[in-house]
Amino acid sequence: MVVSPDLDVARAHAMTLLDGGHPVLLESFLDGPEVSLFCLVDGETVVPLLPAQDFKRVGDDDCGPNTGGMGAYAPLPWAPAGLVDELVSDVVAPVAAEMVRRGTPFSGLLYAGLALTSQGPAVVEFNCRFGDPETQVVLALLRSSLARALHATATGALAAEPPLQWADGAAVTVVVAAEGYPGPPRLGDVISGAEADGVLHAGTRRRDDGAVVSGGGRVLSVVGTGADLQAAHDDAYRRLEGVHLAGSHHRTDIALKAIRGEIAAPA
Ligand code: GLY
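Rules behind the numbers
Residues numbered from 1 in each chain as written. Predicted model: local features only at pLDDT ≥ 70, side-chain atom pairs only at ≥ 80, totals over all residues. Heavy atoms only, no water. 1 Å grid on protein atoms, 1.4 Å probe; cavity = no way out; pocket = protein on both sides within 12 Å on 5 of 7 lines; lining within 4 Å. Points joined across faces, edges and corners; volume = space filled by probe spheres on them. Helix = DSSP H or I, 4+ residues; strand = E, 2+ residues; numbered from the N terminus. Nonpolar A, V, L, I, M, F, W, Y, C, P; charged D, E, K, R; others polar. Salt bridge = Lys/Arg side-chain N within 4 Å of Asp/Glu carboxyl O. Buried < 20%, exposed > 50% of the residue type's maximum accessible area, 1.4 Å probe, protein only.

A.B. asks: Is there a simple way to explain the layout of surface pockets in this structure?
C.D. replies: If a probe as big as a water molecule is rolled over the atoms, it shows which places are left empty. Reported here for the largest pocket is a volume of approximately 1700 Å³. Around the largest pocket, the lining is made up of 42 residues, and of these Met 1, Val 3, Phe 29, Leu 30 and Glu 34 lie nearest the centre. Those elements that place two or more of their residues in the lining of the largest pocket are helix 1 (7-19), strand 3 (53-54), strand 8 (120-127) and helix 6 (256-259). At six residues, the largest contribution of residues to the lining of the largest pocket is made by helix 1. Across the lining of the largest pocket, the residue classes break down as 21 nonpolar, six polar and 15 charged.

See below:
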């Protein structure tokens, strides 16, 4: 796959594939920051959760291959006021209304993966589930009962629910990945510090002798919270210092561009 803003580069790559007898799929180049917006949807009722951003590439500065997600933060200090309302009214609510109109109303968690391009918000993907690792930061800030909100969604009562309550401040999560990930990960290494507060388990298992060992590529998700994004970042990386897994790796720049004011939504 080639991602390029240069039409000639894209065309040359396509010609190479076509000359080799391969099919070609062209996709629009989406400039601008990505946003993950999870919404509870019950028919035409849409209740957004906090917006979040995740980090898909394995290495700092978005280098290296894609992963299932190496970290996330929420909310988005760079997001313009009204962004979530705009995304709900322009993207999610019309989808929910159309599904009702077609006689297939949706009930559950609709995850919109979006890019805020200079041409306006663009949908990268929809999923019918929570996203990982954005969920770790969004739920770290939720003060209402998640079970109650999900129950109301599942029983057609979401419209009657009080607004969701959120903690002030921010949350950051950093994923600890096993050696080799996103290729075949090395498994079975003992993890220390895995049972501390803020350390969520993904690819772990407990050995017969009681030790917690790595059991998947993305092993742990270490969550920090704080009064602002800088404080949440510092809290997450401080907690990470207490976790040890031989050969593991993690990104060191989760949320840094947002903290430094280096992300801007298009005007
Ligand atoms: N964070 C991307 C996903 O859950 O698909």
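A.B. asks: What's the story with the pattern of salt bridges in this structure? I'm lost.
C.D. replies: This structure, assessed with the given rule, holds 15 salt bridges. The partner of Glu 98 in a salt bridge is Arg 102, and the shortest N-O contact between them spans 2.8 Å. For Glu 98, a relative accessible area of 26% gives the class partly exposed. Classification of Arg 102 as exposed rests on a relative accessible area of 61%. Close ionic contact of Glu 179 with Arg 186 constitutes a salt bridge, the shortest N to O distance being 3.0 Å. When its relative accessible area of 36% is taken as the criterion, Glu 179 is described as partly exposed. Here the residues in one salt-bridge network are Glu 34, Asp 54 and Lys 56, joined through shared partners.

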